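Spelled out, the chains give:
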Amino acid sequence: MTFVAGNTDPKPELSARAQHDVACIQAALAGQANAYEALLDRYRRSVYHVVLKMVHDPDDADDLTLEVFAKAFRSLACYRPEYAFSTWLFRIASNHSIDFVRRKKLHTQSIHQEVSTGTSEGFFLEVPAQDPDPQEAYIRQQRKELVQALVERLPPKYRQLVRLRYFEERSYDEIATETQAPLGTVKAQLFRARELLFELAKGRAAAL
């Protein structure tokens, strides 16, 4: 993978690997898409293993890995080479995974499960049935329609993948089988689809 580095040379005291990363970052910030691909190729497996150790589910780890890179690439201008890029990236992966685990624990707490208090006594959650008020229901519907409208603007190959993964909740293996594409290609194209959706959403927000 070749790219042209920016005007600022990497610091000579950095290791060769770190200098290569800084050159990639400079090129990415200059608008060279293949520089993003170089960073993704170099660190995808490492980030995946960091995430998997924390979430213990391969499908969740795949999704979160893509989200970590999306978050890192959006914040790339904030990176400073005083620290290794890998350290910065793994910190993002760790924090993102922690947030996911916390959300998942909240979402999977059963209302019929006894909650431990750390003593011999426990209690059961009592959650009254409560439908969302009309305004909240309207907002949720609007969000759903907005996402669907953005998905419709994706190129057909990305649109199909997003529908299979996020609307029909298919696994990566199932998507690869249905589309007759290599598993790695499916994951890479879903990553690109996420990026395109993010750019479309930014454009939509700027127009409001």
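All of the points below concern the structure found in this document.

Rules used throughout
- Residues numbered from 1 in each chain as written.
- Predicted model: local features only at pLDDT ≥ 70, side-chain atom pairs only at ≥ 80, totals over all residues.
- Heavy atoms only, no water.
- Salt bridge = Lys/Arg side-chain N within 4 Å of Asp/Glu carboxyl O.
- Helix = DSSP H or I, 4+ residues; strand = E, 2+ residues; numbered from the N terminus.
- Buried < 20%, exposed > 50% of the residue type's maximum accessible area, 1.4 Å probe, protein only.
- Axes fitted to C-alpha atoms, helices over the stretch in contact; angles between N-to-C directions.
- Parallel < 35°, antiparallel > 145°, perpendicular 65-115°, else oblique.
- Left-handed = near helix turned anticlockwise from the far one by under 90°.
- Contact = heavy atoms within 4.5 Å.
- Nonpolar A, V, L, I, M, F, W, Y, C, P; charged D, E, K, R; others polar.
- Phe/Tyr/Trp six-rings, centres within 6.5 Å; stacked < 30°, edge-to-face > 60°.
- Lys NZ or Arg CZ within 6 Å of the ring centre and 35° of its normal.
- 1 Å grid on protein atoms, 1.4 Å probe; cavity = no way out; pocket = protein on both sides within 12 Å on 5 of 7 lines; lining within 4 Å.
- Points joined across faces, edges and corners; volume = space filled by probe spheres on them.
- Core = buried A, V, L, I, M, F, W, Y, C linked by side-chain atoms within 4.5 Å.

Okay, the pattern of salt bridges next. Per the stated rule, a full pass over the model turns up 8 salt bridges. Between Asp 63 and Arg 194 there is a salt bridge, with the nearest N and O atoms lying 3.5 Å from each other. You can see Asp 63 sitting in helix 3 (residues 58-74) and its partner Arg 194 sitting in helix 8 (residues 183-207), a full 131 residues away along the chain. Taken as a pair, Asp 63 and Arg 194 share a single burial class, namely buried. In this structure, Glu 168 and Arg 170 form a salt bridge, with 3.0 Å as the shortest nitrogen-oxygen distance. The exposure class of Glu 168 is partly exposed, given its relative accessible area of 44%. With relative accessibility at 24%, the residue Arg 170 sits in the partly exposed group. Taken together, the shared-partner salt bridges connect Asp 63, Glu 67, Arg 165 and Arg 194 into one network.

Packing of helix 2 (residues 33-55) against helix 3 leaves a shortest axis separation of 8 Å and a crossing angle of 135 degrees. When the axes of helix 2 and helix 3 are compared, the pair comes out oblique. Helix-helix and strand crossings are classified by hand; for helix 2 and helix 3 the assignment is right-handed. From helix 2, Tyr 36, Leu 39, Leu 40, Tyr 43, Arg 44, Val 47, Tyr 48, Val 51, Leu 52 and Val 55 reach across to helix 3, where they touch Pro 58, Asp 60, Ala 61, Asp 62, Leu 64, Thr 65, Leu 66, Val 68, Phe 69 and Phe 73. Each residue belonging to the contact of helix 2 with helix 3 can be placed in one class, and the counts come to 16 nonpolar, 1 polar and 3 charged.

Right, let's get into the packing of aromatic side chains. A complete count under the given rule lists 8 aromatic pairs for this structure. Ring geometry for Phe 69 and Phe 73: centres 5.8 Å apart, planes at 50 degrees, overall tilted. In this pair, Phe 69 and Phe 73 are both assigned in helix 3, 4 residues apart and thus about one turn of the helix distant. Relative to Phe 85, the ring of Tyr 79 has its centre 5.6 Å away and its plane inclined at 90 degrees; by these criteria the two rings are edge-to-face. Phe 85 shares its class with Tyr 79; the two are buried. Between Arg 165 and the ring centre of Tyr 172, over which it is positioned, the NZ or CZ distance is 4.2 Å. Note that Lys 187 overlies the ring of Tyr 172, its terminal NZ or CZ placed 5.6 Å from the centroid.

Looking now at the layout of surface pockets. By volume, the largest pocket amounts to about 510 Å³. Around the largest pocket, the lining is made up of 20 residues, and of these Ala 33, Tyr 36, Phe 191, Arg 192 and Glu 195 lie nearest the centre. Sorting the residues of the lining of the largest pocket by element identifies helix 2, helix 3 and helix 8 as the ones contributing at least two each. Here the lining of the largest pocket takes 8 residues from helix 8, the largest share from any one element. Along the lines of polarity and charge, the residues of the lining of the largest pocket split into 9 nonpolar, 3 polar and 8 charged. Put simply, the second largest pocket is a space of about 420 Å³.

Let's shift gears to the nonpolar core. Formed by 39 residues in total, the largest nonpolar core has its most connected members in Val 47, Val 51, Phe 69, Phe 85 and Leu 89. Where this core is concerned, the elements lending two or more residues are helix 1 (16-29), helix 2, helix 3, helix 4 (85-108), helix 6 (156-167), helix 7 (172-179) and helix 8. Considering every element that reaches this core, the biggest residue donor is helix 2, with 9 residues. Those residues within four positions of Val 47 in sequence are excluded, and the remaining contacts are Thr 65, Val 68, Phe 69, Leu 89, Phe 90 and Ala 93. If you look at the next biggest cluster of nonpolar residues, it comprises 9 residues, including Val 151, Val 162, Leu 197 and Leu 200.

Attention shifts here to the environment of Val 151. The residue Val 151 is located in helix 5 (residues 134-152) in this model. Each C-alpha atom of the pair Val 151 and Ala 193 lies 9.0 Å from the other, and the pair is 42 residues apart in sequence.

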